[in-house]
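What follows is each chain in one-letter form.
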Amino acid sequence: MLDDGAELVLSGPPTVPDGIGELHVRLCYVDDSGDSKHGVILSAILVEDRAWNGVLAAWLDGRRAISEEFGVSKSKELHAVNLYKGRGNFLSEGMSANSFTSHQRDATGRIMLSHLSRAEGFRVVTLAISRRSKSVAYRDFLCWLDNWAAQEDETAMVFYDGHQGYSPDLLNVSQEEAGREWETALREAAPYRTAHRGLEISTRRIVEDVVMQDSRYSQLIQAADLIAYGAFHKHAQDHPEVWGKKTRPVPGAIRAYMKLRHRWLPESDNGIVWLERK
């Protein structure tokens, strides 16, 4: 503690110990797709921390574009399955869902991922994993991400689509209901927390536990959802021996996904890395 009247002298920013370079943090927005019989697809938007503002702004530019062109509400969740399967009403209040044609739905996906692709400072990767359990597939994905971050000399923080335990919907419910919602979120996230805590503490590049984000309230989780859905159908189209001949690829989702081709990792198969079981 300084005595009264003593002068505080600042000697400049703290020094970095020898051998430690400047570390960058990747904010990883993750969602899944696939089917319960053959495997899981996990897609991640790997955003440099200093580029986060620009990436979100590019996505929001896309939201404005589809609002102006088709009347898509800026506040409604863009859920890929509903968008491409013709379900749900994405349009602003007072507009009929029937006026949102299949061609417009396909164009919505393309416009959104085209706008996202214009941002700088992010990469996109999808892992295809022959697991039926999403939580087990997530563990495999996390190990891959930890190794990738080490190779890139970066750290990473993961945001995953899931029950987060709080939302605007809980403002008008009882304390007991809100408590049950929170307990459910904690229970559902447990396998994912366990995966993070299973990483070697002395070498891990994944910071903290997973942050569960309800896609209804996260724009970049919605972006990851569109990517994961398109990636799944692209991989199913190229590899029917993996996903089965009964899987019918969705061309509109694939065309939207292809808008991000220059953001894929170079060693991938159309942006997708196949992980064998260990």
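Residues numbered from 1 in each chain as written. Predicted model: local features only at pLDDT ≥ 70, side-chain atom pairs only at ≥ 80, totals over all residues. Heavy atoms only, no water.

## A short note on the pairing of strand β1 (residues 24-35)
When you tally the buried positions in β1, you get nine out of twelve residues, the bulk of the element. Relative to strand β2 (residues 39-48), β1 runs antiparallel, the two sharing ten bridges. When the sheet's bridge partners are listed, arginine 26 is paired in β2 with glutamate 48. Two successive antiparallel strands, β1 and β2, enclose a turn made up of three residues. (Buried < 20%, exposed > 50% of the residue type's maximum accessible area, 1.4 Å probe, protein only. Helix = DSSP H or I, 4+ residues; strand = E, 2+ residues; numbered from the N terminus. Pairing = 2+ DSSP bridges.)

## Topic: the packing of helix α1 (residues 52-70) against helix α6 (residues 219-238)
Interhelical geometry of α1 versus α6 gives an angle of 70 degrees and a closest axis separation of 10 Å. As far as their axial angle goes, α6 and α1 are roughly perpendicular. Across from Trp52, Val55, Leu56, Trp59, Leu60 and Arg63 in α1, the residues of α6 making contact are Gln219, Leu220, Gln222, Ala223 and Leu226. Tallied by class, the residues present in the contact of α1 with α6 amount to eight nonpolar, two polar and one charged. (Axes fitted to C-alpha atoms, helices over the stretch in contact; angles between N-to-C directions. Parallel < 35°, antiparallel > 145°, perpendicular 65-115°, else oblique. Contact = heavy atoms within 4.5 Å. Nonpolar A, V, L, I, M, F, W, Y, C, P; charged D, E, K, R; others polar.)

## Concerning the pattern of salt bridges
A full pass over the atoms with the stated rule returns 13 salt bridges. A salt bridge links aspartate 106 to arginine 255, with the nearest nitrogen and oxygen atoms 4.0 Å apart. With aspartate 106 in helix α3 (residues 102-117) and arginine 255 in helix α8 (residues 251-257), this residue pair connects regions lying 149 residues apart in the sequence. A residue is classified by how much of its surface remains accessible, and aspartate 106, at 18% relative accessible area, is buried. By relative accessible area, arginine 255 is classed as partly exposed at 43%. Residue lysine 234 is joined to aspartate 238 by a salt bridge in which the shortest nitrogen-to-oxygen separation is 3.4 Å. Here lysine 234 and its partner aspartate 238 are both found in helix α6, four residues apart, which amounts to about one turn of the helix. Classification of lysine 234 by relative accessible area gives buried; the value is 11%. Each of the salt bridges in this network shares a partner with another, and the network as a whole consists of Arg26, Glu48, Arg50 and Glu154. (Salt bridge = Lys/Arg side-chain N within 4 Å of Asp/Glu carboxyl O.)

## Remarks on the sheet that holds strand β5 (residues 211-213)
Neighbouring strands of a sheet are bound in pairs by backbone hydrogen bonds; such pairs are parallel or else antiparallel. Across the sheet, which stays open at both edges, the six strands sit in the order β5-β4-β1-β2-β3-β6 with mixed pairing between neighbours. Single-partner strands in this sheet number two, and they are β5 and β6 (272-275). Here the strands of the sheet are splayed against their neighbours by 30 degrees on average, with no regard to which way each runs. Here β1 pairs with strand β4 (residues 154-161) via seven bridges, running parallel.

## Comments concerning the packing of aromatic side chains
This structure, assessed with the given rule, holds eleven aromatic pairs. Judged by centre distance (6.4 Å) and plane angle (10 degrees), the rings of tryptophan 144 and tryptophan 148 are stacked. On the criterion of helical spacing, the pair formed by tryptophan 144 and tryptophan 148 is a turn pair, its members being four residues apart in helix α4 (residues 134-151). Note on accessibility: tryptophan 144 and tryptophan 148 belong to one class, buried. Ring pairs connect the aromatic residues Tyr138, Phe141, Tyr160 and Tyr192, which therefore count as one cluster. (Phe/Tyr/Trp six-rings, centres within 6.5 Å; stacked < 30°, edge-to-face > 60°.)

## Description of α4
With 18 residues, α4 extends 25 Å from end C-alpha to end C-alpha; this agrees with the ideal 26 Å at 1.5 Å per step. Ala137, Tyr138, Asp140, Phe141, Leu142, Trp144, Leu145, Asp146, Trp148 and Ala149 are the residues of α4 that are buried. Aspartate 153 sits one or two residues past α4 and shows a positive phi near 55 degrees. (Expected span 1.5 Å × (residues − 1).)

## Section: unusual backbone geometry
Not every positive phi belongs to a glycine, and aspartate 153 is a case in point at roughly 55 degrees. Aspartate 153 sits in the partly exposed class, given a relative accessible area of 36%. The residue asparagine 270 is not glycine, and still its phi comes out positive at about 55 degrees. With respect to the helices, strands and loops of the structure, asparagine 270 is situated in the loop between α8 and β6. By relative accessible area, which is 27% here, asparagine 270 ends up partly exposed.

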